[in-house]
Amino acid sequence: MAKYITTPIYYLNGEPHLGHAYTTILGDILKRALLIQGEEVFYTTGTDEHGQKNQEACEKSGLSFEEFSKKYSDNFKHLFEKLNIQTDLFVRTSFDYHKEVVKTCLDIVYKKGLIVKKNYVGLYCKGCEQFKKESDLDERGFCPDHQVAPEKITEENYFLKLEPYRQWLIDQIKLTPDWIQPAVYANEVLNLLKEPLDDLNISRPKSRTDLGIELPFDTNYVTYIWFDALINYISSLNWPKDQKMFDKFWPNSIHLMAKDIIKPHCIYWPIMLKSLDIPAPSSIMIHGYLVGEGNIKMSKSIGNVVDPVKVIGEIGVDAFRFYMAHTSAGAKDAPISERLIRVGYEMLANNLGNLHMRTYKMLEKYTNKTVPDATLRPEDKEFLENISKSLKEAVFSLKTITDIPKLTEKALKVCSELNAYVDKKEPWKLAKDETKKEELLSCLYTLAEGIRIVAIALNPVMPEISDKILVSFGVSELNFNQNSFNIGGLSVGNALGEAIMLFPRLEEIS
Ligand code: MSP
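Now for a look at the structure at hand. (Residues numbered from 1 in each chain as written. Predicted model: local features only at pLDDT ≥ 70, side-chain atom pairs only at ≥ 80, totals over all residues. Heavy atoms only, no water.)

## Focus on the overall build of the protein
Link 1 in the chain: Helix and strand counts for the protein come out as 19 helices and 15 strands.
Link 2 in the chain: Rg of the C-alpha trace for the protein: 26 Å, near the compact-globule value of 24 Å for 510 residues, within the 12% margin.
Link 3 in the chain: Based on the C-alpha atoms only, the size of the protein along its principal axes is roughly 90 × 45 × 40 Å.
Link 4 in the chain: For the protein, the residues scored as buried account for 57% of the 510 residues in total. (Helix = DSSP H or I, 4+ residues; strand = E, 2+ residues; numbered from the N terminus. Rg over C-alpha atoms; globule rule 2.2 N^0.38 Å. Buried < 20%, exposed > 50% of the residue type's maximum accessible area, 1.4 Å probe, protein only.)

## Topic: empty space enclosed by the protein
Link 1 in the chain: Scanning the model with the defined rule gives one cavity of 30 Å³ or more in all.
Link 2 in the chain: Looking at the largest cavity, its volume works out to about 50 Å³.
Link 3 in the chain: Lining the largest cavity, in full, are Gly51, Gln52, Tyr124, Glu129, Arg204, Arg208, Thr209, Leu211, Val222, Thr223, Tyr224 and Ile225.
Link 4 in the chain: Class assignment of the residues belonging to the lining of the largest cavity gives a composition of five nonpolar, four polar and three charged. (1 Å grid on protein atoms, 1.4 Å probe; cavity = no way out; pocket = protein on both sides within 12 Å on 5 of 7 lines; lining within 4 Å. Points joined across faces, edges and corners; volume = space filled by probe spheres on them. Nonpolar A, V, L, I, M, F, W, Y, C, P; charged D, E, K, R; others polar.)

## Comments concerning helix α17 (residues 437-457)
Link 1 in the chain: For α17, which comprises 21 residues, the first-to-last C-alpha distance of 30 Å matches the rise-based estimate of 30 Å (1.5 Å per residue) to within 8%.
Link 2 in the chain: Counted residue by residue, α17 has 19 buried out of 21 residues, so it is predominantly covered. (Expected span 1.5 Å × (residues − 1).)

## Structural notes on the site of the ligand
Link 1 in the chain: In the vicinity of the ligand there are 26 residues, among which Ile9, Thr23, Asp48, Asp260 and Leu290 approach most closely.
Link 2 in the chain: For the ligand, an oxygen atom lies 3.0 Å from a polar atom in the backbone of alanine 258.
Link 3 in the chain: Protein chains bury 96% of the 670 Å² of accessible surface belonging to the ligand in isolation.
Link 4 in the chain: Mapped by element, the contributors of at least two residues to the shell around the ligand are β1 (2-11), α1 (18-36), α7 (225-230), α8 (232-235) and β12 (253-258).
Link 5 in the chain: Residues that form the shell around the ligand fall into these classes: 15 nonpolar, eight polar and three charged. (Near = heavy atom within 4 Å. Polar contact = N/O pair within 3.5 Å; in protein donor to acceptor, adjacent residues only side chain to side chain. Areas by Shrake-Rupley, 256 points an atom, 1.4 Å probe, with all protein chains shown as cover.)

## Thoughts on the pattern of salt bridges
Link 1 in the chain: In the structure shown here, the tally under the stated rule is 30 salt bridges.
Link 2 in the chain: With its nearest N and O atoms 2.7 Å apart, the salt bridge here joins glutamate 49 to arginine 92. Of this pair, glutamate 49 sits in the loop between β2 (40-48) and α2 (52-61) while arginine 92 sits in strand β3 (residues 89-92), placing them 43 residues apart in sequence. For the pair shown, glutamate 49 and arginine 92 are each scored as buried.
Link 3 in the chain: Taking the shortest distance from any N to any O, the salt bridge between lysine 410 and glutamate 393 comes out at 2.7 Å. Here lysine 410, found in helix α15 (residues 404-425), pairs with glutamate 393, found in helix α14 (residues 378-396); they are 17 residues apart in sequence, far enough to count as distant.
Link 4 in the chain: Relative accessible area serves as the criterion here: at 27%, lysine 410 is assigned to the partly exposed category.
Link 5 in the chain: According to the relative accessible area criterion, glutamate 393 is partly exposed, its value standing at 43%.
Link 6 in the chain: By sharing partners, the salt bridges in this structure join Asp28, Arg32 and Arg321 into a single network. (Salt bridge = Lys/Arg side-chain N within 4 Å of Asp/Glu carboxyl O.)

Put into structure tokens, the structure is as follows:
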């Protein structure tokens, strides 16, 4: 089945940070797992380039908009390439095709009479690019996410009516329990829907912001950044021009994001789609924040961000991806610091790294650098069958981002079991006893085959380390499907590849 995965498209007003890497890595892991499951996947990420805060950042930079947007958008693109993220499209809202689609949508909704013009007084948080209610603010009257007081704005604007669709949205959430995941966020949205919905301000007078898409029905205005940005999810499928592509991917569309942007995605977006006669996306998967010191959300506006490039330079891309996957905590916030990342790295090195190294060394010493011709002892066969079953299940049941840490957990557990198996079997003792040769070969094959299966299971999380492990055991087929988990995948007599250190010591790196 064809699946469509999207991340939020990120603002340009700063360098990409760990939080952006987090969602985009989770999406990439989900994509790679679905590919092993045999699905076809279209995965998009990109940059949200219009609106007031981008405009101010652009003015500060002294660059033209073209130079500014290209430079900052490329920062995201390059980081994601570095992180080995395989997107099928990098969206930029300044692309002409996207602007056309936004205008088409505005036109349709306007002609349906769902947009009205009126005077408005509201509290605007630039960080969120959203109007806030008094009840959204903390006791000081600050936006809790951006720690600043929103600006009071009075202006004449265009509005999309949301209230006529409130009951429909409530029913949609109640009738489709997995639509907004995890359920705690579905409840949060239902709470927001208890009160009548204010009309959504969908325009900005050019006198305030002119970085945006002009309204097709009033040239004095540009459209509100969220009305523009959300539409990337359908413009990326080339709607309405390529109905075939749209019909293929939209019915299985998965939007990923953190909890900061629930309201636009779970209220504005489904209602915008409804008013365009387009079905809602099939699921909205929300995760908590990666939180820095003092449990404060990391964000460009607050300035408490950790540099992912520095971290990658220290521990490597795959160990970083593993940390993100393993720490991802579903609805809960996940703590992150350089110290925690190092601890995670050492745990991986001591478990998987050590297991691989000691197994490789034993094959080097006892089987002349080849995969042994072993007759598997029944207990070894059973052990491998359990490993195969458990890890295949972990990969094939990975359907949402909350399943990702379950996979890393299981893989680490299997590595621990394999390490315990080495300690128990003491192959170096078996090697000294000629009568134990068969047991030794069965043990070594079990180890190498067990690690092969771990490497395949971890391929979505650590694609390069996975390939390195497989190549070190002489495996050349690096495309996987359900049969890859079958026991016996490691061919007898395979010459081992080069010896490699999967996770060098941190002091050696720095
Ligand atoms: N441009 C809008 C999204 C439009 S989508 C149609 C936007 N951009 S953003 O640059 O602020 O990105 C927000 C998203 O970045 C979050 O929803 C999440 O995916 C990611 N994260 C940013 N900081 C994060 C954390 N500290 N922790 C987890 N995710 C974070 O909102």
